[in-house]
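Structural overview for review
Chain by chain, the residues:
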Amino acid sequence: MPEVTTPSTTETPEPSETSEPSEPSAPSELRELSETPKTSGTTQTSGSTQTPKITQTPKTTQTPDTPATPGPGAPSAGYLRVFAVREFRAVFAAHLLSMLGVIVAEIALSVLVYDLTGSPLMSALAWALGFLPYVVGGTLLAGVADRLPARRVLVGCDLVCAVCVLPMTASGAPLALLLALRCCLAVVSPVFAGTRMATLADILGDGDLFVLGRSLLRITAQSALLVGFGLGGLLLTVASPRQALLVTVGTFLASAALLRFGTRSRPVRARTGGALVTDSLKGARQILADRRVRALLLLFWVPPAFTVAPEALSAPYADGLGVGSTGLGLLMCALPVGTIAGELYAGARLRPVTRERVALPLVCVTLLPYLGYALHPGLAVSLLLLVVSGAGSAYTLGLDQWIVRDVPDELRGRAMTLLTAGLMTFQGVGMALAGIAAELVGVAAAVAGAGVLGTVCCVLAAVEVRRTEGRDGADRDMTGR
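Residues numbered from 1 in each chain as written. Predicted model: local features only at pLDDT ≥ 70, side-chain atom pairs only at ≥ 80, totals over all residues. Heavy atoms only, no water.

Next up on the list: the confidence of the model for the protein chain. On average, residues of the protein chain carry a pLDDT of 80, and 79% of them reach 70 or more. Across the protein chain, the element-wise mean pLDDT spans from 40 in strand S1 (residues 43–44) up to 96 in helix H16 (residues 379–391). Here residues 2–53 is a poorly scored stretch, pLDDT under 50, and it has 156 contacts once near neighbours within four places are set aside; other chains count. Taken as a whole, residues 55–67 scores under 50 in pLDDT and shows 55 contacts with residues more than four places along the chain or in a different chain. (pLDDT = per-residue confidence, 0-100. Helix = DSSP H or I, 4+ residues; strand = E, 2+ residues; numbered from the N terminus. Contact = heavy atoms within 4.5 Å.)

Side-chain pairing between opposite charges can occur once the charged atoms of the two side chains come close. As enumerated under the stated definition, the model contains 14 salt bridges in all. The residue aspartate 146 makes a salt bridge to arginine 414 at a minimum N-O spacing of 2.8 Å. Of this pair, aspartate 146 sits in helix H5 (residues 144–147) while arginine 414 sits in helix H18 (residues 412–441), and the two are 268 residues apart along the sequence. By relative accessible area, which is 4% here, arginine 414 ends up buried. Here the residues in one salt-bridge network are Asp146, Arg147, Asp279 and Arg414, joined through shared partners. (Salt bridge = Lys/Arg side-chain N within 4 Å of Asp/Glu carboxyl O. Buried < 20%, exposed > 50% of the residue type's maximum accessible area, 1.4 Å probe, protein only.)

So, on to the packing of aromatic side chains. Tallying each qualifying case throughout the model produces 6 aromatic pairs. Between tyrosine 370 and tyrosine 373 the ring centres are 6.5 Å apart and the planes differ by 70°, which places this aromatic pair in the edge-to-face class. Accessibility classification places tyrosine 370 together with tyrosine 373 in one group, the buried group. Between the NZ or CZ atom of arginine 260 and the centre of the ring of phenylalanine 261, over which it lies, the distance is 5.3 Å. The ring of tryptophan 402 is capped by arginine 292, whose NZ or CZ atom sits 5.6 Å from the centre of that ring. (Phe/Tyr/Trp six-rings, centres within 6.5 Å; stacked < 30°, edge-to-face > 60°. Lys NZ or Arg CZ within 6 Å of the ring centre and 35° of its normal.)

Note on terminology: disulfide describes a covalent bond linking the sulfur atoms of two cysteines. All chains considered together, the criterion is met by 0 disulfides. Distance from the sulfur of cysteine 458, which forms no disulfide, to the nearest cysteine sulfur (cysteine 457) is 7.0 Å. Accessibility expressed as a relative area gives 0% for cysteine 458, which makes it buried. (Disulfide = S-S within 2.5 Å.)

In this model H18 runs 42 Å from its N-terminal to its C-terminal C-alpha over 30 residues, within 8% of the 44 Å that 1.5 Å per residue would give. Positive backbone phi, approximately 100°, marks glycine 442, located one or two places after H18. (Expected span 1.5 Å × (residues − 1).)

In this section: a nonpolar patch on the surface. A cluster of nonpolar residues, Val365, Leu368, Leu371, Val452, Val456 and Leu460, forms a patch on the protein surface that exposes about 490 Å² of accessible area. Tracing the backbone shows valine 452 in helix H19 (residues 443–469). (Patch = residues over 30% accessible without salt bridge, like charges linked within 9 Å, V, L, I, M, F, W, Y side chains within 5 Å. Areas by Shrake-Rupley, 256 points an atom, 1.4 Å probe, with all protein chains shown as cover.)

Bringing helix H7 (residues 175–204) into the picture now. The end-to-end C-alpha separation of H7 is 43 Å, in line with the 44 Å expected for 30 residues at 1.5 Å each. Where H7 bends most, at valine 188, the angle is about 25°, and the proline proline 190 comes one to four residues later. The element H7 is extensively covered by neighbouring structure, given that 24 of its 30 residues are classed as buried. With its phi angle positive at about 80°, glycine 205 sits one or two positions after the end of H7. (Bend = angle between axes of the 7 residues up to and from the residue.)

Have a look at this one:
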């Protein structure tokens, strides 16, 4: 399965859920006693016009189950301390299984559609459908993440995905059904990813452990891409595409079991009435109406829209260099390798306060290496440019800390779902625009242009985040601006 309850009050399970015995989420030395309350207010814009803002309820003393994290000036908690939390281990294992399953499904479905139609366009469409419906699920179904218990949402999404993939394995499944089921998977994905992201705050708290937990899930996703495509291709040499899809069904079911029995039942975040779609849209309006949160979301969304340009154009670029399939594979791997290296270094070696301090400068320069494509470099230099650019993605650790700190608890599930949907949508649009640009000016110029335009957009987004940061006060509270 592709990718939030508040650590504020004592949790009681929903009547419909079976509550497991409480187990400490982390060793006692990781727990903290309290958290500074936040206040509510409204944002004053220029002149006399006021924009309605989200009211954030004060947070109360943390319960013993909530793991504490070091303060911003303390050394990094380190990735190993994240694994000390039992529930995170279950979430991590489920994420790894579901990521591998999704990658196998994408490869198998793309090959299956091509076998059925003989059309490269239809094969590419099967892949693109993994991006486009994200915006539907992320906006119209986001309310599910806060209206239902998180564990029930996560397990339910995994089971829905397993049910959607199972008919694809049938020998008589028509093309239209395959594509429709692929769309259903993409609609469910942002709800699952947003709920899981928000649930990490329940499991790890909203400090450094949350940031490191999020980073580990991203590193796992990048690593799964490197390993999964190779394993998926190898699997298709010994099994048909439909048989390979059975592996995906198994990974979804295994993920559901891990989440059901490896995580605790928690109450809903927000008890809201009305229709789901109406509530989801209302939550999206509330989130986007706040200048601070809107600026942070844009900073999450904008850079990846340009980062994907060399990946989207790697096949024609490799062809132009004459490096064959081996060179193509290296070009596809370079950016994820840089991303993994950058996140591992920032998470393990930098203090939380340092990660926040370098986030905005990093996001402003992460696309600059793409300008080197204007010189039409060879394979070795191109790989170096991509690795360096990927390492700049370490800025996301600072953004993670800000977003979890500034979004109210009762909207956290919807905010994280919206973040995920926007991220995938921007990436899909970026891939399409990169292809159009390459048709007009060539591959190298298109990538260099993405570097220039992307850097300008990143700087503008970073300036807006900096302006809103000055209004937050010491706790970066999103109220009272």
